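Summary of structural features
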Amino acid sequence: MRALRYTLGSPFARGVRILLHELDLEYEHQAELTTPSVEERASASPTLQVPTLWDDGRTLWESGLIADYLLTTYTPATEGIGLLAPTIARPGQEWEDKLTLATIQTLGTAATTISQMKWSGVRWQENDYLTRGQERLPHLLGWLERRLPDADSGFFGDSVSVQDIFLTCHLSFVANRPLELALREQDHPRIAALGKRMEARPSFIDNPILWWDPDVIGYGPDGRTPLYAKN
Ligand SMILES: N[C@@H](CCC(=O)N[C@@H](CS)C(=O)NCC(=O)O)C(=O)O
């Protein structure tokens, strides 16, 4: 049995869903539309967070670890263009690649914390810790921009890496929430080009980032047009 528990909006879970698609793996979609009770969340993971993956008798959480597990356990396609890289880190460059992924996940945590706090009633401008999180973003993006060889490459060159997937998911998350965060694409042209290429892949299109704000009550028949309550 293979299953993934996720919320539609989570960029961490979106990265795992995209990876499952890239690996052509079927799974039971346990999509949560509302935040469940602590007990329900705890039955899936002590972190009380999504995503959680069940596969072959294992229960795994933490999206980067799930990605590592999937690439270690399953083999991506070996023919075609824009192939998925078969490992989370390239042989001989393990620490550089793992550092890139850890840094990308820190960016995701900064963005999702700002988002979750906003819906709890605290805008980042009103809180020193969240303001520091906002200040973290250009530093992270500048560092990541310098890790990309050029505007036509991902972090692993021609192949598609987990790093490419998660960075794109986190930045699309920021772009699709009214978070008042300026990503300044013009300052990061390699990252911007990477994001456009990635969002055009079938795996990204099938697992789209959905616009969300607190007035959204659901999505239309296409699964992605936000619906608002009629006044
Ligand atoms: N480090 C975790 C972060 C996961 C995470 O932050 N998930 C969010 C959704 S984007 C969540 O479940 N938030 C609920 C909460 O923190 O209570 C991972 O990589 O999986």
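Provided above is the structure to which this section pertains.
All values reported here derive from a predicted model rather than from experimental measurement.

Procedures and definitions
Residues numbered from 1 in each chain as written. Predicted model: local features only at pLDDT ≥ 70, side-chain atom pairs only at ≥ 80, totals over all residues. Helix = DSSP H or I, 4+ residues; strand = E, 2+ residues; numbered from the N terminus. Rg over C-alpha atoms; globule rule 2.2 N^0.38 Å. Buried ≥ 20, exposed ≤ 12 C-beta atoms within 10 Å, placed from the backbone. Contact = placed C-beta atoms within 7 Å. Pairing = 2+ DSSP bridges. Axes fitted to C-alpha atoms, helices over the stretch in contact; angles between N-to-C directions. Near = placed C-beta within 6 Å. Nonpolar A, V, L, I, M, F, W, Y, C, P; charged D, E, K, R; others polar.

1. Brief notes about the overall build of the protein chain
- Check the secondary structure of the protein chain and you find 8 helices and 6 strands.
- What you see in the protein chain, going N to C, is helices and strands ordered as β-α-β-α-β-β-α-α-α-α-α-α-β-β.
- Since a compact globule built from 231 residues should have a radius of gyration of about 17 Å, the 17 Å found for the protein chain is in line with a globular shape.
- When its C-alpha atoms are laid out on the principal axes, the protein chain stretches across 55 × 45 × 35 Å.
- Here the protein chain holds 231 residues, and 32% of them are scored as buried.
- Of the contacts made within the protein chain by residues no fewer than 6 positions apart, 63% connect residues no fewer than 24 positions apart.

2. Quick word on the sheet that holds strand β4 (residues 58-61)
- Across the sheet, 4 strands lie side by side as β2-β1-β3-β4; this open sheet has mixed pairing. Both edges of this open sheet fall to β2 (28-32) and β4, since each of them pairs with a single strand only. In this sheet, adjacent strand axes meet at a mean angle of 15° when their direction is disregarded.
- Relative to β2, strand β1 (residues 2-7) runs parallel, the two sharing 5 bridges. Looking at the pairing, Tyr6 lines up with Ala31 of β2.
- Where helix α1 (residues 11-22) meets the sheet, its contacts fall on β1 and β3 (52-55), and the angle it forms with β1 comes to roughly 145°.

3. Structural notes on unusual backbone geometry
- The peptide bond linking Val50 to Pro51 adopts the cis configuration, its omega dihedral lying at 10°.
- Mapped onto the elements of the fold, Pro51 is located in the loop between α2 (38-42) and β3.
- Even without a glycine there, the phi angle at Leu48 is positive, about 60°.
- Along the chain, Leu48 falls in the loop between α2 and β3.
- For Leu48, a count of 15 C-beta atoms within 10 Å gives the class partly exposed.

4. So, the site of the ligand
- The local shell around the ligand consists of Thr7, Ser10, Phe12, Leu48, Gln49, Val50, Pro51, Glu62, Ser63, Gly64, Gln105 and Thr112.
- Residue assignment for the shell around the ligand shows that the elements contributing at least two residues are α3 (63-73) and α4 (94-119).
- Along the lines of polarity and charge, the residues of the shell around the ligand split into 4 nonpolar, 7 polar and 1 charged.

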